[in-house]
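Report on the structure
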Amino acid sequence: MVISTDDWARLGERARSLEAEVRAALAWRWSNAALGEHASIGSFAQFSLQLLAVGAPPEVLRASHRAGLDEIEHARLSFRIASAFAGSPLGPGPLPLPRAMPDTTLVGAARATLIEGCIAETISANEAQHAAAWTTDPTIAAVLGQISEDEARHAELAYTFVGWAIQTGGSTLRDPLRKAARDQFAAYERLSAPAGPSMELRHWGVVSELDRFELQRQVLRSTVRLALESMLAGLD
Ligand SMILES: [Fe+2]
Ligand SMILES: [Fe+2]
């Protein structure tokens, strides 16, 4: 995906035509999204360590490193959008890192990947796809389209790794993974709908808390449940 200098300039012009309050809200929301993308770079660095520790195949390791590069690009593009709304360049500061190494057992790596990859990346891909369809801004739509495609590929990578881990570890992995999936579903189902408006700032690629909650619930109950059921041969 190539977004030209002209595309960015036009986004800048459109941003300048907004009221100061709306611009500030958009700069804040897009900065938060960018920081989330930036943190994902670290998540893939940790995932790569887990892959090394469990002896995962080189193509999975390569895909993990590529995914880390995707996240660098997502962060860069999202900060660029945030900067257009802020009217000055924004970027990340130092990232607080976890003190401990990630769980490097096969079951621990597979469990974390199921939660953060199979489930969370599918939720992210679906959200970005909807946000891309809802925005009326072509530059933002291009960025969100790219993010959605990449996150869907990251979810696929997670399924590939967990599938490999099940083959490698055999039936001992199935029960802990089924439990992790069940617990995760239960945790999502316990969430109640947040207050606040739907569709707020939707034209500018921002997904409201309520929209996020509804999209999350839909995709979990359909795509995610089916994919996990077929991988784990039944969740209940
Ligand atoms: Fe991302
Ligand atoms: Fe991702």
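Along each chain, numbering runs from 1 in the same order as the chain's sequence is written. In the order they appear in the text, chains get letters beginning with A and ligands get numbers beginning with 1. Side-chain atom pairs in this predicted model are given and counted only at pLDDT of 80 or more, local residue features only at pLDDT of at least 70, and totals for whole chains, interfaces and linings cover all residues.

Considerations on the overall build of the protein
The condition that has to hold: Strands are runs of DSSP state E lasting at least two residues, helices are runs of H or I lasting at least four, and both sets are numbered from the N terminus onward. Each radius of gyration reported is based on C-alpha atoms, and the globular scaling rule is 2.2 Å times the count of residues to the power 0.38. Here exposure depends only on C-beta density: within 10 Å of a residue's C-beta, 20 or more other C-beta atoms make it buried, 12 or fewer make it exposed, and intermediate numbers make it partly exposed, the C-beta atoms being placed from the backbone.
Within the protein, the secondary structure is distributed over seven helices and zero strands. Listed by position from the N terminus, the elements making up the protein come as α-α-α-α-α-α-α. Taking 2.2 N^0.38 as the reference for a compact globule, 236 residues should give roughly 18 Å; the C-alpha atoms of the protein span a radius of gyration of 19 Å, in line with that estimate. Structurally, the protein occupies a C-alpha span of about 60 × 35 × 30 Å along its principal axes. Burial status across the protein gives 36% buried among its 236 residues.

Looking at the confidence of the model for the protein
The condition is simple: You can read pLDDT as the predictor saying how much it trusts each residue, on a scale of 0 to 100.
Summing up the model confidence of the protein, the mean pLDDT is 94 and the portion of residues at 70 or higher is 98%. When mean pLDDT is compared element by element in the protein, helix 3 (residues 58–86) scores highest at 98, while helix 6 (residues 171–190) scores lowest at 93.

Observations regarding helix 5 (residues 138–169)
As a reminder, the rule being used: One less than the residue count of a helix, multiplied by 1.5 Å, gives the span that helix is expected to have.
With 32 residues, helix 5 should reach 46 Å at 1.5 Å per residue; the first-to-last C-alpha distance of 46 Å fits that figure. Remark: G170 follows helix 5 within two positions and exhibits a positive phi of approximately 70°.

Quick word on the packing of helix 4 (residues 106–134) against helix 5
How we decide: Working convention: axes come from line fits to C-alpha atoms, limited for helices to the stretch in contact. Angles between N-to-C directions cover 0 to 180 degrees. The cut-offs work like this: below 35 degrees is roughly parallel, past 145 is roughly antiparallel, 65 to 115 is roughly perpendicular, and the gaps in between are oblique. Crossing handedness is read from the near helix: turned anticlockwise from the far helix by less than a right angle, it gives a left-handed crossing, and turned clockwise, a right-handed one. Gly is put with the polar residues, along with every residue not named as nonpolar or charged; the nonpolar set is Ala, Val, Leu, Ile, Met, Phe, Trp, Tyr, Cys and Pro, and the charged set is Asp, Glu, Lys and Arg.
Running from N to C, helix 4 and helix 5 point in directions that differ by 155°, and their axes come no closer than 7 Å. The orientation of helix 4 relative to helix 5 falls into the category roughly antiparallel. The two elements helix 4 and helix 5 meet at a crossing, and its hand is left-handed. Of the residues that constitute the contact of helix 4 with helix 5, the class distribution is 21 nonpolar, ten polar and two charged.

Observations concerning helix 2 (residues 20–54)
The terminal C-alpha atoms of helix 2 lie 51 Å apart, and with 35 residues this matches the ideal 51 Å at 1.5 Å per residue to within 8%. Phi for G55, located one or two positions after helix 2, is positive at around 70°.

Focus: the environment of A15
So the rule is basically this: This entry defines residue contacts through backbone-placed C-beta atoms, with two residues in contact when those atoms are within 7 Å.
Considering the arrangement of structural elements, one finds A15 in helix 1 (residues 5–16). Classification of A15 by C-beta neighbours within 10 Å gives buried; the count is 20. Taking the C-alpha atoms as reference points, A15 and D70, 55 residues apart in sequence, are found 26 Å from one another. Residues within four places of A15 in sequence aside, it is in contact with R23, A84 and F85.

Digging into the environment of E13
Within the element layout of this structure, E13 appears in helix 1. Separated by 72 residues in sequence, E13 and F85 place their C-alpha atoms 9.6 Å apart.

Overview of the packing of helix 6 against helix 7 (residues 209–232)
Two numbers describe how helix 6 lies on helix 7: the axes approach to 12 Å, and their chain directions differ by 170°. For the element pair helix 6 / helix 7, the angle class is roughly antiparallel. For the pair helix 6 and helix 7, the contacting residues are R174, L177, R178, A181, F185 and Y188 in the first and Q216, L220, L228 and L232 in the second. In terms of residue class, the contact of helix 6 with helix 7 is built from seven nonpolar, one polar and two charged.

Focus: the nonpolar core
Our working definition: The term nonpolar core means buried Ala, Val, Leu, Ile, Met, Phe, Trp, Tyr and Cys residues held together as one set by C-beta atoms within 7 Å.
One finds W30, I81, F85 and L114 to be the most contacted residues of the largest nonpolar core, which totals 51 residues. Only helix 1, helix 2, helix 3, helix 4, helix 5, helix 6 and helix 7 provide two or more residues apiece to this core. A per-element tally of this core places helix 4 first, with eleven residues. Non-local contacts of L114, meaning those with residues more than four positions away in its chain, are made with I119, V162, L177, A180 and A181.

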